[in-house]
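Secondary and tertiary structure notes
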Amino acid sequence: EAGVAQSPRYKIIEKRQSVAFWCNPISGHATLYWYQQILGQGPKLLIQFQNNGVVDDSQLPKDRFSAERLKGVDSTLKIQPAKLEDSAVYLCASSLITGVRETQYFGPGTRLLVL
Amino acid sequence: DAKTTQPPSMDCAEGRAANLPCNHSTISGNEYVYWYRQIHSQGPQYIIHGLKNNETNEMASLIITEDRKSSTLILPHATLRDTAVYYCIVRVTQFSGGSNYKLTFGKGTLLTVNP
């Protein structure tokens, strides 16, 4: 079974530029998450989708971050404009919720450096 | 904020059992204890979860105290490839059809397995 795919794996941009990340979840997984992981910290949830609807985006900085999952499969996360503090690893995860138990499967992440 | 407390780091000799503690004194009756790990430069990986009974799978064992205020993840025969950050997470599970299965990661425990 193929895992969660993310691209690009690395990105370097200057502050105030825009950047977009792409995620392809495991086939059949209805739930998709985007996390931000700053160096030395655990991942922090940015947004959760159920199919193509947003379930939780309470921690997404909406003035500069946006995310979409138009057809309920792939998703993109965009930052516009980027700030120095956005330097982090952006992780995508997906899950197939079965009953009340759920296992999230994570992709390898996109490492962003903002200069 | 994370609802768990873990030591920042631990060492273990290769081939020995690694016992990783976690305190979750404010856990509620319907919250599960989850363990994930993150090997360097990879996304987190699910290990195991439990409610109140001890659990075992091919990766590890999870021992939860009777009062559920703490737990221990046991890797029975640690190898060098088990070197990783281990996250203990208490997760609220909504049974009412909502899909907010939020994982709140702390800083975890860096387990170093030495040859």
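Everything quoted here is computed from the prediction, not taken from an experiment.

Looking now at the overall build of chain A. Within chain A, the regular secondary structure consists of zero helices and eleven strands. When its helices and strands are written in sequence order, chain A yields β-β-β-β-β-β-β-β-β-β-β. Taking 115 residues into account, the globule formula puts the C-alpha radius of gyration at 13 Å, and chain A, at 14 Å, falls close to it. If you line up chain A on its principal axes, its C-alpha atoms span 45 × 25 × 25 Å. Taken across its 115 residues, chain A has 44% of its residues classed as buried. Carbon and sulfur atoms make up 52% of the accessible area of chain A, which amounts to about 5700 Å² in all.

Quick look at the side chain of His29 of chain A now. Residue and element names in this part refer to chain A. The residue His29 is located in the loop between strand S3 (19-24) and strand S4 (31-37) in this model. Using a relative accessible area of 9% as the deciding quantity, one classes His29 as buried. Reaching out from His29, the side chain makes a polar contact with the side chain of Ser94 at a distance of 2.8 Å. Apart from the residues lying within four places of it in its own chain, the contact partners of His29 are Arg69, Ser94, Ser95, Leu96 and Tyr105.

This part covers the pairing of strand S5 (residues 44-50) of chain A. All names here are of chain A. Most of S5 is tucked away: five of the seven residues are buried. Sheet topology note: the S4/S5 ladder contains six bridges and is antiparallel. Counted as the bridge partner of Leu32 is Phe49 from S5. Hairpin connection, S4 to S5: the antiparallel pair is bridged by six residues, and Gly40 has positive phi, about 90°. The loop that links S5 with its antiparallel partner strand S6 (residues 53-56) comprises two residues; one of these, Asn51, has a positive phi angle of about 55°.

All names here are of chain A. Looking at where Phe21 falls in the secondary structure, it is placed in strand S3. Taking the C-alpha atoms as reference, Phe21 lies 9.5 Å from Gly109; in sequence the two are 88 residues apart. For Phe21, the residues in contact, after removing those within four places along its chain, are Ser7, Pro8, Trp34, Ser75, Thr76, Leu77, Ile79, Tyr90, Thr110 and Leu112.

What follows covers the packing of aromatic side chains. Inspection of every chain in the model, using the stated rule, returns twelve aromatic pairs over all chains. When the centroid spacing of 5.0 Å and the interplanar angle of 25° are considered together, the rings of Phe21 of chain A and Tyr90 of chain A count as stacked. Here Phe21 of chain A, found in strand S3, pairs with Tyr90 of chain A, found in strand S9 (residues 88-95); they are 69 residues apart in sequence, far enough to count as distant. Across the pair, Tyr90 of chain A and Phe21 of chain A agree in class, each one buried. Grouped by ring-pair contacts, the aromatic residues Tyr33, Tyr35 and Phe106 of chain A together with Tyr32, Tyr34, Tyr36, Tyr46, Tyr87 and Phe105 of chain B constitute a single cluster.

This part takes up empty space enclosed by the protein. The final tally for this structure, using the stated rule, is one cavity of 30 Å³ or more. Counted as a void, the largest cavity has a volume near 40 Å³. If you trace the largest cavity, you find it lined by Arg9, Tyr10, Val89, Pro108, Gly109, Thr110 and Arg111 of chain A together with Ser41 of chain B. Of the residues assigned to the lining of the largest cavity, the class counts are three nonpolar, three polar and two charged.

All names here are of chain B. Spatially, five strands are ordered S1-S9-S8-S3-S4 in an open sheet, and the strand pairing comes out mixed. Either end of the sheet is taken by a strand with one partner, and the two such strands are strand S1 (9-13) and strand S4 (45-50). For this sheet, the mean inter-axis angle between neighbouring strands, taken without regard to orientation, is 25°. Relative to strand S8 (residues 84-92), strand S3 (residues 31-38) runs antiparallel, the two sharing eight bridges. Among the inter-strand pairings, Tyr36 is bridged to a residue of S8, identified as Tyr87.

Rules used throughout
- Residues numbered from 1 in each chain as written.
- Chains lettered and ligands numbered in written order.
- Predicted model: local features only at pLDDT ≥ 70, side-chain atom pairs only at ≥ 80, totals over all residues.
- Heavy atoms only, no water.
- Helix = DSSP H or I, 4+ residues; strand = E, 2+ residues; numbered from the N terminus.
- Rg over C-alpha atoms; globule rule 2.2 N^0.38 Å.
- Buried < 20%, exposed > 50% of the residue type's maximum accessible area, 1.4 Å probe, protein only.
- Areas by Shrake-Rupley, 256 points an atom, 1.4 Å probe, with all protein chains shown as cover.
- Polar contact = N/O pair within 3.5 Å; in protein donor to acceptor, adjacent residues only side chain to side chain.
- Contact = heavy atoms within 4.5 Å.
- Pairing = 2+ DSSP bridges.
- Phe/Tyr/Trp six-rings, centres within 6.5 Å; stacked < 30°, edge-to-face > 60°.
- 1 Å grid on protein atoms, 1.4 Å probe; cavity = no way out; pocket = protein on both sides within 12 Å on 5 of 7 lines; lining within 4 Å.
- Points joined across faces, edges and corners; volume = space filled by probe spheres on them.
- Nonpolar A, V, L, I, M, F, W, Y, C, P; charged D, E, K, R; others polar.
- Axes fitted to C-alpha atoms, helices over the stretch in contact; angles between N-to-C directions.

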